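Per-entry structural report
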Amino acid sequence: MNRTERNALVVENLPLVGYLVSEVCARATHLSRDDLASVGAVALVQAADAFDPTLGIPFGAYARTRVVGAFADDMRSGDWASRGTRKRIKETLATQEALTASLGRVPSVDELAGALGVDRQTATNALTDAARTVSALDDTVADHLAADVPLPGEELLAAERSRYVRAAVEALPERMRLIVEGVYFGDRSVTEIADELGITHSAVSQQRTEAVRLLRDALAAHYADDEHADFVPVSKTAPARRSAYLSRVATNAAVGIARAMREPQADGFVQAV
């Protein structure tokens, strides 16, 4: 692509920058629209310089990713949150997203706290921090900045997440699975489940807590940012049993993917549950 073609591509796609700036500013009114527009324009030029049309990717989609990434870098440079706070925000949002996919609705603060293994106040603080920041333009949040219209592939990703949550639940030891399905999917009380299983209320609560920890381990292992990074489990299950559980999750997930490929018309996990 020569310079004339590059410049024409930039001019043609300048409205995309304005659109993305408006989306970000609608969620973070404290940001400077002019500053973001400048950052976005530079990113658009850089995207045009690096664009390779032979790869078959539309320039608009490619430029959009580069511009949103530039916004993230710019905001992160002046971010108020520490690395630890940012990690907690990302974990909270990821857990909230997984619960939303599995429950078919936005989870309550108590449900989120239980899934995170923290008290209600800690979960509330994490949600408050998440609401304060847009620079959580870490990959988890950046996907939601652009538009109300889903990008190509977003529905597939949501379906994949739902299948993996279901695979993780099905791989739990039988009693834990019954407890998780009853509490989170069957809207049953701990007391009802305790009576049915013939165990104490406390035993149900303890097994539910450990089951949620195992689910968190499965999700963390599957969605880790770096597959080579050390995996730090949160469950108290013995390492050998945890490894066996993660293997069952992987097997169940593979079976779910194969089934989805055979039955593309089937509804997702939320409807099935």
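Before reading further, recall that the structure is shown in the block above.
Just so it is clear, the structure is predicted and the values come from calculations on it, not from any experiment. (Residues numbered from 1 in each chain as written. Predicted model: local features only at pLDDT ≥ 70, side-chain atom pairs only at ≥ 80, totals over all residues. Heavy atoms only, no water.)

From N to C terminus, the chain includes 13 helices and 0 strands. Reading the secondary structure of the chain in the N-to-C direction produces α-α-α-α-α-α-α-α-α-α-α-α-α. Within the chain, the proportion of its 273 residues that are buried is 36%. Across the chain, contacts joining residues at least 24 apart in sequence account for 63% of those joining residues at least 6 apart. A total accessible area of about 15,700 Å² is found for the chain, and carbon and sulfur atoms account for 53% of it. (Helix = DSSP H or I, 4+ residues; strand = E, 2+ residues; numbered from the N terminus. Buried < 20%, exposed > 50% of the residue type's maximum accessible area, 1.4 Å probe, protein only. Contact = heavy atoms within 4.5 Å. Areas by Shrake-Rupley, 256 points an atom, 1.4 Å probe, with all protein chains shown as cover.)

Turning next to the side chain of T237. For T237, the position within the fold is in the loop between α11 (201-222) and α12 (239-262). Its relative accessible area of 14% is what places T237 among the buried residues. Here E210 takes part through its side chain, which lies 2.7 Å from a polar atom of the side chain of T237. In contact with T237, not counting residues within four places along its chain, are E210, L214 and R242. (Polar contact = N/O pair within 3.5 Å; in protein donor to acceptor, adjacent residues only side chain to side chain.)

On the secondary structure map, E210 appears in helix α11. Exposure remark for E210: the relative accessible area of 10% places this residue in the buried category.

Packing of helix α9 (residues 174-185) against helix α10 (residues 190-197) brings their axes to within 10 Å, and their N-to-C directions diverge by 145°. As α9 runs across α10, the sense of the crossing is right-handed. Counting all contacts with α9, which are made through R175, L178, I179, G182 and V183, the residues of α10 involved are V190, I193 and L197. Here the contact of α9 with α10 is built from residues that sort into 6 nonpolar, 1 polar and 1 charged. (Axes fitted to C-alpha atoms, helices over the stretch in contact; angles between N-to-C directions. Left-handed = near helix turned anticlockwise from the far one by under 90°. Nonpolar A, V, L, I, M, F, W, Y, C, P; charged D, E, K, R; others polar.)

Attention shifts here to the packing of α10 against α11. Geometry of a packed helix pair, given as the angle between the helix axes and the separation of the axes. One can describe the packing of α10 onto α11 by two numbers: an axis separation of 8 Å at closest approach and a directional angle of 105°. With respect to α11, the element α10 is oriented roughly perpendicular. Between α10 and α11, the residues in contact are V190, T191, I193 and A194 and H201, V204, S205 and R208, respectively. (Parallel < 35°, antiparallel > 145°, perpendicular 65-115°, else oblique.)

Right, let's get into the pattern of salt bridges. The tally for this structure, following the rule as stated, stands at 8 salt bridges. Here D49 ties to R6 by a salt bridge, and the two come within 2.6 Å at their closest N and O atoms. Of this pair, D49 sits in helix α2 (residues 33-50) while R6 sits in helix α1 (residues 3-27); the two residues are 43 residues apart in sequence, bridging distant segments of the chain. Among the residues examined, R6 registers a relative accessible area of 12% and is labelled buried. R177 serves as the salt-bridge partner of E181, at 3.2 Å between the closest nitrogen and oxygen. Here R177 and E181 lie together in helix α9, a separation of 4 residues that amounts to about one turn. (Salt bridge = Lys/Arg side-chain N within 4 Å of Asp/Glu carboxyl O.)

Counted under the stated rule, the structure contains 2 aromatic pairs. Ring centres of F51 and Y62 lie 5.9 Å apart, and the angle between their planes is 35°; this geometry places the pair in the tilted category. Taken together, the residues F51 in the loop between α2 and α3 (59-77) and Y62 in helix α3 connect sequence positions 11 residues apart. Residue class for Y62 comes out partly exposed when judged on its relative accessible area of 23%. Pairwise contacts between aromatic rings join F51, F59 and Y62 into one cluster. (Phe/Tyr/Trp six-rings, centres within 6.5 Å; stacked < 30°, edge-to-face > 60°.)

What follows is about the nonpolar core. With 31 residues, the main nonpolar core has L172, V180, V204, L215, Y245 and V249 as its most contacted residues. Looking at this core, the elements that each hand over two or more residues are α4 (83-103), α5 (109-116), α8 (154-170), α9, α10, α11 and α12. Apart from the residues within four sequence positions on either side, L215 is in contact with A168, V169, L172, V180 and Y245. Counting 21 residues, the second largest nonpolar core, distinct from the first, contains V10, V17, A47 and A70. (Core = buried A, V, L, I, M, F, W, Y, C linked by side-chain atoms within 4.5 Å.)

In this section: α11. Each turn of an α-helix holds 3.6 residues, which means side chains three or four residues apart point in the same direction. End to end, α11 covers 32 Å across 22 residues, agreeing with the expected 32 Å (1.5 Å per residue, within 8%). Among all positions in α11, only V204, E210, A211, V212, L214, L215, R216, D217 and A218 are buried. (Expected span 1.5 Å × (residues − 1).)

This part takes up α9. Between its first and last C-alpha, α9 extends 15 Å over 12 residues, near the 16 Å set by a 1.5 Å rise per residue. One or two residues past the end of α9 sits D187, with phi positive at roughly 55°.

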